[in-house]
Amino acid sequence: MAAYLCPPAVIHGEHAVQTSQIVAEVSGRHPDAAWAPRIEGIAAGTGIETRGWMLPLETAVAPGDGSGLRAAGLGSAREALARDGFTEQDVDRAIAALEAIPAPQTIQERTAPAWAAVQSYGERAARGALQIAGLDAADVDCLITSHSTTPALPGLDVALANQLPLRNDVMLLPATQWACIAGTRSLALAADLVAADPDRVVLVVIAEALSTTYQPADDTLESLIVRLLFADTAVAAVVTGRPRPESVLRLDAAWHHTLPGTQGLHRLETRADGTHFVMDRRGPRAVQETVTAMWEWLHLRYQDDPDSWHPDVLLAHPGGTRVLEYMEQTMPDGWPSGLLDYSRDSYTSGNRGGAAVFDILRRAHDAGQKPGDRAVLYAAAPGLTATALQGEWL
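Because the structure is predicted, anything quoted here is derived from the model rather than measured.

Colleague: Just to check I follow, could you spell out the overall build of the chain for this structure?
Modeller: Tallying secondary structure elements over the chain gives 13 helices and 14 strands in all. For 394 residues, the compact-globule estimate of 2.2 N^0.38 gives 21 Å, and the chain sits close to it at 23 Å. Based on the C-alpha atoms only, the size of the chain along its principal axes is roughly 85 × 50 × 35 Å. Considering only residue pairs separated by 6 or more positions, the chain has 81% of its internal contacts joining residues 24 or more positions apart. Taking the average location of the 30 positive side-chain charges in the chain and that of its 48 negative ones, the two points are 1 Å from each other.

What follows is the structure, encoded as structure tokens:
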């Protein structure tokens, strides 16, 4: 399979959003929610004090441009009030009061600025990755992109093809629904592409504005947790079929796993006020099943050397601390401690979704890895589906 990965470029959201800001905003909006007395403890339990967003918190919680009459319409409201016996003067007062009620943002108002930011951040990450790899846009033969929370057609692939710009014959492969698995699955796909043609240069770009799932009107506990968890990040990396001076990791094998009947556990829903990320409390347990399956894959892959083989670093995005703890508890005896340190470090500033594994990889690279160090990359996503890769540091 051998594919060679250059260090990724990572562009964090430039607007720092403190957990205390989110707690204050949500508490003021939903003072009577069932979880309100526990909000400080819930927030502290995430272990996240700040996260970077592409747009400021004020953008997410601002009212829409319309009024409370937007849905019903001014004429219909007047007719309904008149039929109920209101005088013309009373109708005028009622209409004025209704027009003063701010309406929530529409999908367009919420998504349009985030989509613009995703394109801008994606371009910056792409240019950074090419510079790191010592390549130009003209060298790219294939572009793989992912951005799950800002649906657009054409998508980030076409936007970058024009912005960079890329050659007219570049293969564009958008994968907008990969979500949290975008990092590992894009690398697995890139590895297949360069295996078919070792002279190919594949550019992977993932830009996620997960803050678009911050829905002010939602008062569920799950929505509160989503508000606290997500961060915005754009990442990019170059994959080649032959080693380059800039290559830092060789990818040797990939593994995929999907759990049947779990497609409803975690999901995105599009509603009148935008995109909602819906979490199910059964999700972490299902993700743990994919972890167990990954251990089995690695056991079979190295069954001739079961006592001495182990990864030297595990770059894992399972979506939360509970699964990280499960991974540590179920690792084979004798594996060294601290394999998930870079994953935990990344998570302290937010869940980055599909960009997470590249961010974790960058942290491991910056900390310094020895040639020959064995790496396992893993991610799970709504579906529930997982992809892992095994490779070696160069």
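Colleague: Honestly, the pattern of salt bridges in this entry has me stumped. Any pointers?
Modeller: When their charged atoms lie close together, side chains carrying opposite charge are able to pair. This structure, assessed with the given rule, holds 20 salt bridges. Measuring nitrogen to oxygen at the nearest pair gives 3.2 Å for the salt bridge that ties D312 to R374. Here R374 lies in strand 13 (residues 374–381) and D312 lies in the loop between helix 10 (283–301) and strand 12 (313–317), a separation of 62 residues in the sequence. Taken together, the salt bridges that share partners define one network made up of D218, R267, E269 and R271.

Colleague: Please clarify how the packing of helix 1 (residues 19–29) against helix 9 (residues 221–229) should be interpreted in this entry.
Modeller: When two helices pack together, their arrangement is given by the angle between the helix axes and by the axis-to-axis distance. Look at helix 1 against helix 9: their axes get within 10 Å of each other, and the N-to-C directions meet at 150 degrees. Relative to helix 9, the element helix 1 lies roughly antiparallel. As helix 1 runs across helix 9, the sense of the crossing is right-handed. Every residue of helix 9 that contacts helix 1 at T19, I22 and V26 is listed here: L224, R227 and L228.

Colleague: How should I be thinking about the nonpolar core in this particular structure?
Modeller: Side chains of nonpolar character tend, in soluble globular proteins, to be buried together. In this structure, I144, L187, V202, L249, L315, L377 and W393 are the most contacted members of the largest nonpolar core, which totals 39 residues. It is helix 8 (residues 182–196) that contributes the most residues to this core, 7 residues altogether. Discounting residues that sit within four places of it in the chain, I144 has contacts with L173, W178, S186, L189, A190, L193, V202, L203, V204 and V205. Core analysis: the second largest hydrophobic core is formed by 32 residues, M54, A133, V201 and V238 among them.

Colleague: Where do I start with the packing of helix 4 (residues 74–83) against helix 5 (residues 88–99) in this structure?
Modeller: Across the interface, helix 4 lies against helix 5 with an axial gap of 10 Å and an inter-helix angle of 140 degrees. Considering their axes alone, helix 4 and helix 5 lie oblique with respect to each other. Here helix 4 runs over helix 5; the crossing is right-handed. Listed contacts from helix 5 to L74, A77, R78, L81 and A82 of helix 4 are V91, D92, A94, I95 and E99. Class assignment for the residues of the contact of helix 4 with helix 5 results in 7 nonpolar, no polar and 3 charged.

Colleague: Got a minute to help me understand the environment of P63 in this structure?
Modeller: Tracing the sequence through the fold places P63 in the loop between helix 3 (57–61) and helix 4. Each C-alpha atom of the pair P63 and V202 lies 42 Å from the other, and the pair is 139 residues apart in sequence. Setting aside anything within four residues of it in sequence, one finds P63 in contact with P102, A103 and Q105.

Colleague: Would you mind showing me how to read the packing of aromatic side chains here?
Modeller: Aromatic ring pairs are reported here in terms of the distance separating the ring centres and the angle at which the planes meet. A complete count under the given rule lists 6 aromatic pairs for this structure. Judged by centre distance (5.4 Å) and plane angle (80 degrees), the rings of F230 and F277 are edge-to-face. One end of the pair, F230, is in the loop between helix 9 and strand 8 (232–240); the other, F277, is in strand 11 (residues 274–278), and 47 residues separate them in sequence. Put simply, the rings of W295, Y302, W309 and W335 pair up and form one aromatic cluster. For R124, the ring lying beneath its charged end belongs to Y121, and the centroid distance is 5.0 Å. Cation over ring: R227 sits above Y214, and NZ or CZ is 5.1 Å from the ring centre.

About the thresholds
Each residue is numbered by its place in its chain's sequence as written, counting from 1. Per-residue local features are limited, in this predicted model, to residues with pLDDT of at least 70; the limit for side-chain atom pairs, both in listing and counting, is 80 or more; totals at the level of whole chains, interfaces and linings are taken over all residues. In computing side-chain properties, one takes all heavy atoms of the structure into account and sets aside hydrogens as well as water. Under the DSSP-based scheme used, a helix requires at least four consecutive residues in state H or I and a strand at least two consecutive residues in state E, with every element numbered from the N terminus. The globule rule used for comparison is 2.2 Å times the number of residues to the exponent 0.38, while the radius of gyration itself is calculated over C-alpha atoms. Whether two residues touch is decided by their heavy atoms; if any such pair falls within 4.5 Å, the residues are in contact. His is not counted here, nor are the chain ends, while Lys and Arg score as positive and Asp and Glu score as negative. Throughout, a charge is located at the NZ atom of Lys, the CZ atom of Arg, the CG atom of Asp or the CD atom of Glu. Salt bridges are defined as contacts in which a side-chain nitrogen from Lys or Arg sits within 4 Å of a carboxyl oxygen from Asp or Glu. Orientation is described by lines fitted to C-alpha atoms, with helices fitted over the stretch in contact, and by angles between N-to-C directions that extend from 0 to 180 degrees. Roughly parallel means an angle under 35 degrees; roughly antiparallel means over 145; roughly perpendicular covers 65 to 115; every other angle is labelled oblique. A clockwise turn of the near helix away from the far one marks a right-handed crossing, whereas an anticlockwise turn of less than a right angle marks a left-handed crossing. Remark: nonpolar core denotes a set of buried residues (Ala, Val, Leu, Ile, Met, Phe, Trp, Tyr, Cys) joined through side-chain atoms within 4.5 Å. Burial here depends on accessible area, computed with a 1.4 Å probe over protein chains only, as a share of the maximum for the residue type. Under 20% is buried, over 50% is exposed, and the range in between is partly exposed. Under the grouping applied here, Gly and all other residues not named as nonpolar or charged are polar, the nonpolar ones being Ala, Val, Leu, Ile, Met, Phe, Trp, Tyr, Cys and Pro and the charged ones Asp, Glu, Lys and Arg. Between rings of Phe, Tyr and Trp, where Trp is taken as its six-membered ring, a pair exists when centres lie within 6.5 Å; planes separated by under 30 degrees are stacked, by over 60 edge-to-face, and by other angles tilted. Definition used: whenever NZ (Lys) or CZ (Arg) falls within 6 Å of the ring centre and also within 35 degrees of the ring normal, the charge is taken to sit over that ring.

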